[in-house]
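Each chain, letter by letter, is given below.
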Amino acid sequence: MRTSFIETLCELAEKDERIWLLCGDLGFSVLECFISRFPKRFVNVGVAEQNMAGIAAGLAMSGKIVFTYSIANFPTLRCLEQIRNDICYHKANVKIVAVGGGFAYGAQGATHHGLEDLAILRTLPNMTVTAPADPVESKAITKLISELPGPCYLRLGKAGEPVVHQTKPDFTVGKMIPVKDGRDALIISTGGMLITALEAQKQTEAKGFSVGVWSSPWLKPFDNEGVMKAAERYPVIISLEEAQVTGGLGSAIASVVAGLKPRHCQVISLGVPDIFLEKAYCQQTARNQVGLDTASITKTIIDACQSK
Amino acid sequence: MVPTSQQLAKIIRSHALKMVHQANASHIGSCLSIADILAVLYNKILRVDSRRSDWPERDRFILSKGHAAAILYAVLAEKGFFPKEWLKDYCKDGALLTGHISHHVPGVEVSTGSLGHGLPIACGMALAAKRDGKPYRVFALLSDGELDEGSNWEAILFAGHHQLDNLTVIVDYNKIQSFGTVKDVLNLEPLAEKWKSFGWSVREINGHDFETIETTLGNLPFEQNRPSVVIAHTVKGKGISFMENKLEWHYKSPKDEQLKDALNELEKES
């Protein structure tokens, strides 16, 4: 995802000289292609994320489209008030990019787990929040957000994620992407959990259940209409996010379904259950610790389908 | 007739006193300490056009100490950015003129209110002007207490490193912050040396001497390839004797009688 982001950004910057890139002294072996091609539109601001967010706002107020880049929580939570006041309140054209969302830096410890970003940034007025699932989504979304005239947050994984979408889906801002049709339940995933959702779909299929899968790269604007349609069609919706379950994708889905009348659809929100992981775990083991592994998800789906 | 900077300062002090009185608002002390600086800036220094507040080539002025909003609104109204009648609505229900400075008001570049935000934004604007080869200049007015915020020091380091000589900071050094004197709460001294060591060119002035303010800000940058900072020694509550150097006027709003006394004192001023 990281690679498809930077390649796309370079293509966009070639055509639009308003595009700038700021980094907080991170991006070694990633950002070099941008730096060498557009040195006058790049600044390494140093290890100073509050200043980076403020500078980005000032540049945007001077007509630039500014991408800020760092890892995990550094470009978001570290400078949250700058994002709120300087960027969102002023509708500044700043695109905040965080690499290493979720447990991508799992073994580095809890400081490097990016888990609260989606919920927190979703609450900020004027902010678009997006978490692509694979390099295909990452490429398309990088282009789409560069064309949106306001604050955006782009949450990426790391590098080397497999391509999930074998054909390029139809990308529209704020719309979910149907990947697989089903009947008994629907998994809606955001970010890099899509591949796990598809694995769980296969496992449940082997046990005789028909489960649909949608990718929801846009947390905001949120596809309320899509969720309403899904709730009409499926008796169970399972949300999957590599993020704190409070306030994220599951909450967004649940609040739409709660407003429906009559309501028959059950929503099960799977994510990180309000805890820190205190040991070194690789990404997959970290997911296993919080029940975001294929086996646990499969079991949850089958239990829910059988109780219907 | 265009008022002199002295006259303008007196007028905007009077506006600010009336505004905070009718709104029962705080921060009059912080407004009065920067009245003379704002009067000179808008009378003599800033290249701005009240008929085109979004003129791309304008100088940018950011009030980072956004709590001193009343006095900036006052000077902008006097300079014709919006009708003076609006000042009467300051802080009232549904008014555009919020208690902390708002960019929704013509002539205001940036909304502030949380301290330590103005200077990083100013750095971004100054960097854009530099790289685009544009002649406009960027000014940020900071409070002394505000320099406790780490984000300012990130920006001070950045501006020195990037040689942003189109950027000028004015520090309103009135020596009193929210809950005590600067010296007692978190001492800033040696302040000039700190800025110098971060690569800035520093001038220390009396922030109430009109001629000095004008001469100093009329000679920017102080040095090529260095951002400029004016440490303006000021008096909190300046111009109203019973408010001067009193921490309580960070919070209190003048009562009817106090307003009358204050306006009388301004009137008698030569």
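Residues numbered from 1 in each chain as written. Chains lettered and ligands numbered in written order. Predicted model: local features only at pLDDT ≥ 70, side-chain atom pairs only at ≥ 80, totals over all residues.

Re the overall build of chain B
Thought 1: Looking only at helices and strands, chain B has 10 helices and seven strands in total.
Thought 2: Relative to the 2.2 N^0.38 estimate, which gives 18 Å for 270 residues, the radius of gyration of chain B is 17 Å and therefore close to what a compact globule would have.
Thought 3: In terms of principal-axis extent, the alpha carbons of chain B reach across some 50 × 45 × 35 Å.
Thought 4: Considering chain B as a whole, with its 270 residues, one finds that 50% of them fall into the buried category.
Thought 5: Of the contacts made within chain B by residues no fewer than 6 positions apart, 75% connect residues no fewer than 24 positions apart. (Helix = DSSP H or I, 4+ residues; strand = E, 2+ residues; numbered from the N terminus. Rg over C-alpha atoms; globule rule 2.2 N^0.38 Å. Buried ≥ 20, exposed ≤ 12 C-beta atoms within 10 Å, placed from the backbone. Contact = placed C-beta atoms within 7 Å.)

As for the domain arrangement of chain A
Residues and elements named next belong to chain A.
Thought 1: Segmentation of chain A into domains returns domain 1 (2-155) and domain 2 (177-306).
Thought 2: Taken together, the 25 residues of domain 1 in the interface contact 27 residues of domain 2.
Thought 3: A breakdown of the residues in the side of domain 1 that touches domain 2 according to their chemical character gives 13 nonpolar, seven polar and five charged. (Domains from an automatic or database assignment. Nonpolar A, V, L, I, M, F, W, Y, C, P; charged D, E, K, R; others polar.)

Considering the packing of helix α5 (residues 118-132) of chain B against helix α6 (residues 150-161) of chain B
Residues and elements named next belong to chain B.
Thought 1: Axis separation between α5 and α6 bottoms out at 8 Å; the angle between their running directions is 25°. The angle between the axes of α5 and α6 places the two elements in the roughly parallel class. The element α5 and its partner α6 pack so that their crossing is left-handed. Mapping the contact onto sequence places L119, P120 and C123 in α5 and S151, N152, E154, A155, F158 and A159 in α6.
Thought 2: When the residues that make up the contact of α5 with α6 are grouped by side-chain class, the tally is six nonpolar, two polar and one charged. (Axes fitted to C-alpha atoms, helices over the stretch in contact; angles between N-to-C directions. Parallel < 35°, antiparallel > 145°, perpendicular 65-115°, else oblique. Left-handed = near helix turned anticlockwise from the far one by under 90°.)

Section: the pairing of strand β6 (residues 201-206) of chain B
All names here are of chain B.
Thought 1: Relative to strand β7 (residues 228-233), β6 runs parallel, the two sharing six bridges. Within β7, the residue paired with I205 across the bridge is A232.
Thought 2: On the question of chirality, the crossover connecting β6 to the parallel β7 by way of helix α9 (residues 210-217) is right-handed. (Pairing = 2+ DSSP bridges. Right-handed = clockwise from strand over helix to strand, strands pointing away.)

Observations concerning the interface of chain B and chain A
Thought 1: Each side of the interface is counted separately: chain B has 18 residues, and chain A has 21 residues.
Thought 2: Only α5 and α6 of chain B provide two or more residues apiece to the side of chain B that touches chain A.
Thought 3: Split into classes, the residues belonging to the side of chain B that touches chain A amount to 10 nonpolar, six polar and two charged.

A few points about the pairing of strand β1 (residues 19-23) of chain A
Residue and element names in this part refer to chain A.
Thought 1: Among the five residues that make up β1, five are buried, leaving the element largely enclosed by the rest of the structure.
Thought 2: Because side chains alternate across β1, one face comprises the buried residues I19, L21 and C23, and the other comprises W20 and L22, equally buried.
Thought 3: Where β1 meets strand β3 (residues 65-71), five bridges bridge the pair, whose relative direction is parallel. Bridge assignment links L21 to a residue of β3, and that residue is F67.
Thought 4: Both β1 and strand β2 (residues 42-44) contribute to a ladder of three bridges, which runs parallel. Within the sheet, the bridge partner assigned to C23 lies in β2 and is N44.
Thought 5: Where the polypeptide runs from β1 across helix α2 (residues 32-37) and back to β2, its parallel neighbour, the crossover connection is right-handed.

Quick look at the confidence of the model for chain B
Thought 1: Summing up the model confidence of chain B, the mean pLDDT is 97 and the portion of residues at 70 or higher is 100%.
Thought 2: Both scores are available for the predicted complex, with the pTM at 0.97 and the ipTM at 0.97. (pLDDT = per-residue confidence, 0-100.)

A few points about the sheet that holds β2(A)
All names here are of chain A.
Thought 1: The sheet built from seven strands is open, its strands ordered β2-β1-β3-β4-β6-β5-β10 with mixed pairing. Only two strands of the sheet have a single partner each, and these edge strands are β2 and β10 (218-220). Taking the axes of each pair of neighbouring strands and ignoring which way they run, one obtains an average angle of 20° across the sheet.
Thought 2: As paired elements, strand β4 (residues 94-99) and strand β6 (residues 152-155) share four bridges and run parallel to each other. Bridge pairing links A98 to R155 in β6.
Thought 3: Along the sheet face, helix α6 (residues 135-147) touches β1, β3, β4, β5 (128-130) and β6 and points at about 170° away from the line of β6.

Quick look at the environment of B:R52
Residues and elements named next belong to chain B.
Thought 1: Take R52: it is sitting in the loop between α3 (35-45) and β1 (60-63).
Thought 2: Look at R52 and you get exposed, because 11 C-beta atoms sit within 10 Å.
Thought 3: When the C-alpha atoms of R52 and F81 are compared, they prove to be 8.5 Å apart, with 29 residues separating the residues in sequence.

What about the sheet that holds strand β7 (residues 177-180) of chain A?
All names here are of chain A.
Thought 1: Strand order in the open sheet made by the five strands is β7-β9-β8-β11-β12, with mixed pairing throughout. Only two strands of the sheet have a single partner each, and these edge strands are β7 and β12 (266-272). Each adjacent strand pair in this sheet contributes to an overall mean axis angle of 25°, direction not counted.
Thought 2: In this sheet, β12 lies alongside strand β11 (residues 236-244) in parallel orientation, the contact comprising six bridges. Across the sheet, the residue bridging to V236 is Q266, located in β12.
Thought 3: In the packing of helix α7 (residues 194-206) onto the sheet, the strands contacted are β7, β8 (185-189), β9 (211-215) and β11, and the crossing angle to β9 comes to about 175°.

Considerations on the packing of α3(B) against α9(B)
All names here are of chain B.
Thought 1: Put simply, α3 and α9 touch, their axes get as near as 10 Å, and they point 50° apart. One way to sum up the angle between α3 and α9 is to call them oblique. Between α3 and α9 lies a crossing of right-handed hand. Of the residues in α9, those touching α3 at D36, I37, V40, L41, K44 and I45 are F210, I213, E214 and L217.
Thought 2: A class-by-class count of the residues in the contact of α3 with α9 yields seven nonpolar, no polar and three charged.

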